[in-house]
Amino acid sequence: MLLADPIKTEYGYVSGTMIGDAGQKVRTYRGIPYASPPLGELRWQPPQPAMPWQGIRECTAYSAVTPQLIGFGPTTPLAQSEDCLYLNVVTPAQKASEDLPVMVFMHGGGFTGGHGNEKLFNSARLARHGVVLVTVNMRLEALGLFCHPLLSRESSIGVSGNYIFLDMIAALKWVQQNIAAFGGDPDNVTIFGESGGGAKVAILMASPLAKGLFQRAILESAWNPPDGAMSGASLKYMEQFGERLFAKLGIAKEAHPLKAARALPVQQILEANAALCREENVLIGIWDEAVDGWVLPDKALNILSSDKYNAVPFIAGGNLGEITDDSSILFLPHMIPLYVEMFKGAEKTKTKAYAYIFNRVPDGRKKAGLKSAPHGMELYYVFGDYDNTSGWWNRPPPPRSGNTSPAPAPFVAFDPELSAIDKKVSEEMMAMWAHFAKTGNPSVKDLIYWPAWDKATDKYLYIDEPLQVKLGFSGIKKK
């Protein structure tokens, strides 16, 4: 059966459009609903099934993104709305029967900002390596993680919060039900993400609710606020913070506080949350995963370092500048110890895990004084942006962690002087990521043998030109 518009999903027919380089076009479908809009009474509720539609839904434009006060890297302003539970699909399949591996990307931005609609993330070039690519939007911050005793009392499970992860689980269930129609294999799904997206992947690996929904995972620079340690917070603690936010909003003493809260404009909630965080001297991203006994039966790191996690082969790594240079946009000294704890869980379950360090810096950035790859730089290479097709290389630098001072000169927008070497490194990364998605092993014949991590050798792949296997992953730290 040839893959042709319209494509039938469980909720209705969708049509898309073609993108990509000349002679290498792929199909893309933007703004496919995977759950009902979480509006009104559905604010702070687990995602509900999408509403079926009649006729053909034209999926050629991105959806609105979840409301947020902090943006992370959008090249153009996008509409914001609580009606945000949509995903995008990019497929190179010519036939629905191809059973291509599926890669589902969770965007970064902590648990506070960002979105899956970036042109960079919806890459024809990565898909051309033989994968069906899915990017997901989900609720964030005070919409995606809000806890309150009244919400917990209202729930049949007796918990609240963690809606961000329930949204992602709903998206993965959509993939299970629908991706075959786009030429993908629902039994071969890789979840991957960067920064906060890497943390989202880790939480899904730890959650029993996500069991069986994916077969592999890739964590790039995994980080989640406030301490980045995947430690989470108790449900009671998060409920207490929710009570303080209701007081800040002036609705705590209403006859029906939840009804009053659900009637408030979302901007008022986000601004009150930001003000409360400033008063309490915490990050705006204070909203953390709740250890609720349902989505998470224990702290994520405790689960990931045990034999209780969703044991699948995984890749974990980061960029050299994040670990060795505290002047970087985001300094992540905890990241290597976090991964080593995860590798302990892999050893207990006899699961293959692969470590890497990325350190490709284009010539223009080197000339400006950038010595090693900073937070987020691997994304250009993972998604094949070796010629600035996305415009991301010229975007304003993201906010720096812990302060509001301007980014140092190497991070400002200017010509990165991309070269054939950048294209080579990018093609190599896409080949390894796609081969891992296909087989669970990132080694590519005639390119590189990438050994699995083990405590005795502590080997990792150093990604630059040339690719190198090195020793001493667990010892990488600030010099």
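Look a little higher up for the structure.
All figures in this text were calculated on a predicted structure; none of them were measured in a lab.

Caption draft 1: Fine view of the environment of Asn359. Mapped onto the elements, Asn359 comes out in the loop between strand E14 (353-358) and helix H12 (363-367). In contact with Asn359, not counting residues within four places along its chain, are Leu320, Ser372, Ala373, Tyr462, Ile463 and Asp464. Here Tyr462 takes part through its side chain, which lies 2.8 Å from a polar atom of the side chain of Asn359.

Caption draft 2: The arrangement of the packing of helix H6 (residues 235-249) against helix H8 (residues 266-279) in detail. Put simply, H6 and H8 touch, their axes get as near as 9 Å, and they point 115° apart. Classified by the angle between their axes, H6 and H8 sit roughly perpendicular to one another. Crossing geometry of H6 relative to H8 is assigned as right-handed. Contacts from Phe241, Arg244, Leu245, Lys248 and Leu249 in H6 reach Gln268, Ile269, Ala272, Asn273, Ala275, Leu276, Cys277 and Glu279 in H8. In terms of residue class, the contact of H6 with H8 is made up of eight nonpolar, two polar and three charged.

Caption draft 3: The pattern of salt bridges, seen in detail. Across all of its chains, the model carries 17 salt bridges by this definition. For Asp5, the salt bridge identified is with Arg27, shortest N-O distance 3.8 Å. With Asp5 in the segment before strand E1 (7-8) and Arg27 in strand E4 (residues 26-33), this residue pair connects regions lying 22 residues apart in the sequence. Asp5 gets classed as partly exposed once you look at its relative accessible area, which sits at 30%. The shortest N-O distance in the salt bridge between Lys344 and Glu341 comes to 2.8 Å. Taken together, the residues Lys344 and Glu341, both in helix H11 (residues 335-348) and three residues apart, mark about one turn of the helix. Using a relative accessible area of 38% as the deciding quantity, one classes Lys344 as partly exposed. Judged by relative accessible area, which is 25%, Glu341 ranks as partly exposed. Connected through salt bridges with shared partners, the residues Arg360, Asp363, Asp422 and Asp464 form a single ionic network.

Caption draft 4: View of the environment of Ser372. Positionally, Ser372 belongs in the loop between H12 and helix H13 (378-382). For Ser372, a relative accessible area of 11% gives the class buried. Measuring from C-alpha to C-alpha, the distance between Ser372 and Ile323 comes to 9.9 Å, with 49 residues separating the pair along the chain.

Caption draft 5: Seen up close, the side chain of His115. Within the secondary structure, His115 is located in the loop between strand E7 (100-106) and helix H1 (124-127). Here the side chain of His115 touches Asn117 through a polar contact of 3.0 Å, landing on its backbone nitrogen. Side-chain polar atoms of His115 contact the side chain of Glu118, separated by 3.5 Å.

Caption draft 6: Just the sheet that holds strand E5 (residues 56-58), in detail. The three strands lie next to each other as E1-E2-E5, forming an open sheet whose pairing is mixed. This sheet does not close on itself; its edge strands, each paired only once, are E1 and E5. Pairing geometry for strand E2 (residues 13-15) and E5, over three bridges, is parallel. Counterpart to Tyr13 in the pairing with E5 is Ile56.

What counts, and where the lines are drawn
Residues numbered from 1 in each chain as written. Predicted model: local features only at pLDDT ≥ 70, side-chain atom pairs only at ≥ 80, totals over all residues. Heavy atoms only, no water. Helix = DSSP H or I, 4+ residues; strand = E, 2+ residues; numbered from the N terminus. Contact = heavy atoms within 4.5 Å. Polar contact = N/O pair within 3.5 Å; in protein donor to acceptor, adjacent residues only side chain to side chain. Axes fitted to C-alpha atoms, helices over the stretch in contact; angles between N-to-C directions. Parallel < 35°, antiparallel > 145°, perpendicular 65-115°, else oblique. Left-handed = near helix turned anticlockwise from the far one by under 90°. Nonpolar A, V, L, I, M, F, W, Y, C, P; charged D, E, K, R; others polar. Salt bridge = Lys/Arg side-chain N within 4 Å of Asp/Glu carboxyl O. Buried < 20%, exposed > 50% of the residue type's maximum accessible area, 1.4 Å probe, protein only. Pairing = 2+ DSSP bridges.

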